[in-house]
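Remarks on the overall topology
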Amino acid sequence: MHDVIVVGAGDAGLSVAFHAASKGLMVALIDKGNVGGTCVNNGCVPSKTLIHAADRIMEIREASQLGIRAEIADIDFGAVMGRMRRAVKGGRNSIKKAIEETENIAFFSGECHFSDERTIMVGSDKIQGKKIFIASGARPSIPPIKGLDKVRYLTNESVLELERKPDRMIFIGGGYVGLEYAHFFSAIGTKVIIADRNEGLLHFEEPEISDLLMSELGKRTELHMGVEIAEVRDTDGGHAVSVRNVVTGKSEEIFADAVMVAAGRRSNADLLKVENAGIETDKANFVKVDEYLQTNKKHIWAVGDAIGKAMFTHAGDKEAELAWHNATHRKKIRMDFGSVPHAVFTSPQIASVGMTEERARKEHEVLVGRADYSDTVMGEAMGESRGFAKAVVEKGTGRILGFHIIGPHAAMLIQEVVNAVILGGDIKSVTGCMHIFPALSNLIPEAFDSLG
Ligand SMILES: Cc1cc2nc3c(=O)[nH]c(=O)nc-3n(C[C@H](O)[C@H](O)[C@H](O)COP(=O)(O)OP(=O)(O)OC[C@H]3O[C@@H](n4cnc5c(N)ncnc54)[C@H](O)[C@@H]3O)c2cc1C
């Protein structure tokens, strides 16, 4: 009997496994794939390594606005992809080494499933544990589109194996995964087409952020919004994708040599057969947990993408830390999903924490502030004429309810607001601090100063 079983050696599972091992407990860690899970192997690490190259390309292309004449002589697709693969391999190898060097972690390689609430089968190995942590993540959701199963489409996994840059690429789905890869491929010179069922991109963001992203991305890509994909089929040189406008009913066929499906993520609870342990799942089959990350079984916790809530690495890491704490301490700590920030690494970049204005107005009396990058000296110096920050604050208390940025370094800039939100601070915890002049961070107090 192991003290702890962890299913999934992605970020969330590894965090639990190393916490448990550091306390001298005997840990069984199980994974059917490469250690490091989605983030290291086919999520954050490869996508951000590629996007870094895309951002540099954009900078060179836009340099003429600063009076600099620069040309890109060549983009070596093989070298760009090779750099990404080395980053993935490096990350994976260092995790492998850390697991091997931790004596009390026994690693089991293979797909596993529950046979009862205390027992997990990996092949013929029967593993039993006192405490079980489910960190089984999620996988690409493949919509039931006619003909899709007959063509070689790409996902966030297979796109990393491309040896040749596609000339024309259609993205089925305009969520953040699709848009980040659309940014990369359009920057390296692929003709990118995005087809999405919604009228706007990233409809969960502030509408003015979604609109700006759409107009900027629309300059470099072809957007087909409010469409359903009717069929995908192979043609001589590639694929044909039939799209139908959901309002007008008008259909057209789009040709591309690559099709990438980026239509969201689905739960892995089916592979794990959680029903054999009597573990409850939600409507989308993600593992149900309470605010302390415990399932309906007292000895089983679930963290990371497996619970289908805030599907980001930093959220999974926090959940892992709290689940481990809650499993080992009498005084439990709640997971605060309201303070989970997120970023979308497109161009322009987006970052957000807390509620949108519309959502906040349903529950609070609010003040809203906005500052453009060009309102700050550094934003002006950069010639940044599009980006802005928006603050949503509770009237009377000054409590920060939401903060949203679109523009350069948005993910970095938002961090001080995230810290303030997590510490329950009001706007004074930001505006009362000195900000180095004339750094881009002046954007944040500027947005709070304009509340009205
Ligand atoms: C393209 C892309 C880009 C992303 N970019 C970002 C980003 O920039 N920032 C960010 O915060 N997040 C990003 N994410 C999301 C982030 O990668 C995930 O939220 C995070 O990796 C989830 O970690 P996890 O440990 O919960 O699950 P995973 O990392 O998916 O790990 C789950 C593990 O469980 C294993 N497993 C599943 N079922 C079984 C079974 N039955 N038996 C054995 N093993 C099993 C899987 O093999 C896998 O290794 C991105 C995701 C994608 C797809």
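Structure: see above.
Parameters and conventions
Residues numbered from 1 in each chain as written. Predicted model: local features only at pLDDT ≥ 70, side-chain atom pairs only at ≥ 80, totals over all residues. Heavy atoms only, no water. Near = heavy atom within 4 Å. Polar contact = N/O pair within 3.5 Å; in protein donor to acceptor, adjacent residues only side chain to side chain. Helix = DSSP H or I, 4+ residues; strand = E, 2+ residues; numbered from the N terminus. Nonpolar A, V, L, I, M, F, W, Y, C, P; charged D, E, K, R; others polar. Core = buried A, V, L, I, M, F, W, Y, C linked by side-chain atoms within 4.5 Å. Buried < 20%, exposed > 50% of the residue type's maximum accessible area, 1.4 Å probe, protein only. Contact = heavy atoms within 4.5 Å. 1 Å grid on protein atoms, 1.4 Å probe; cavity = no way out; pocket = protein on both sides within 12 Å on 5 of 7 lines; lining within 4 Å. Points joined across faces, edges and corners; volume = space filled by probe spheres on them. Pairing = 2+ DSSP bridges. Right-handed = clockwise from strand over helix to strand, strands pointing away. Axes fitted to C-alpha atoms, helices over the stretch in contact; angles between N-to-C directions.

**As for the site of the ligand**
Surveying the vicinity of the ligand reveals 35 residues, the closest of which are Asp31, Thr38, Lys48, Asp305 and Thr313. Separating an oxygen atom of the ligand from a side-chain N or O atom of Asp305 is a distance of 2.8 Å. Residue assignment for the shell around the ligand shows that the elements contributing at least two residues are helix H1 (11-22), helix H2 (37-42), helix H3 (44-62), helix H5 (176-187) and helix H8 (313-328). Looking at the shell around the ligand, the element that brings in the most residues is H2, giving four residues. Across the shell around the ligand, the residue classes tally to twelve nonpolar, 16 polar and seven charged.

**What about the nonpolar core?**
Ranked by size, the top nonpolar core spans 53 residues in total, and within it Ile30, Phe114, Phe133 and Ile134 carry the most contacts. Those residues in contact with Ile30, other than ones at most four positions away along the chain, are Ile5, Val6, Val7, Gly8, Ala9, Phe108, Gly110, Cys112, Ile120, Val122 and Ile127. With 37 residues, the next largest nonpolar core counts Ala54, Val80, Val159 and Leu179 among its residues.

**Some points on the layout of surface pockets**
Reported here for the second largest pocket is a volume of approximately 990 Å³. Surrounding the second largest pocket, 29 residues form its lining, Glu59, Glu62, Ser347, Arg386 and Pro408 being those nearest its centre. With eight residues, the top contributor of residues to the lining of the second largest pocket is H3. Class assignment of the residues belonging to the lining of the second largest pocket gives a composition of ten nonpolar, nine polar and ten charged.

**Considerations on the pairing of strand E8 (residues 168-172)**
Among the five residues in E8, four count as buried, and that is most of the element. In this sheet, strand E9 (residues 191-196) lies alongside E8 in parallel orientation, the contact comprising five bridges. Of the residues in E9, the one forming a bridge with Phe171 is Ile194. Taken together, E8, H5 and E9 form a β-α-β motif whose crossover is right-handed. Looking at chain direction, E8 and strand E14 (residues 258-261) are connected through four bridges and run parallel. In the strand pairing of E14, Met169 is matched with Ala258.

**Description of the sheet that holds strand E10 (residues 222-225)**
In spatial order, the strands read E10-E9-E8-E14; together these four strands make up an open sheet with parallel pairing. The two strands at the open ends of the sheet, each matched to only one other strand, are E10 and E14. Strand-to-strand twist in this sheet, taken as the mean axis angle between neighbours without regard to direction, amounts to 15°.

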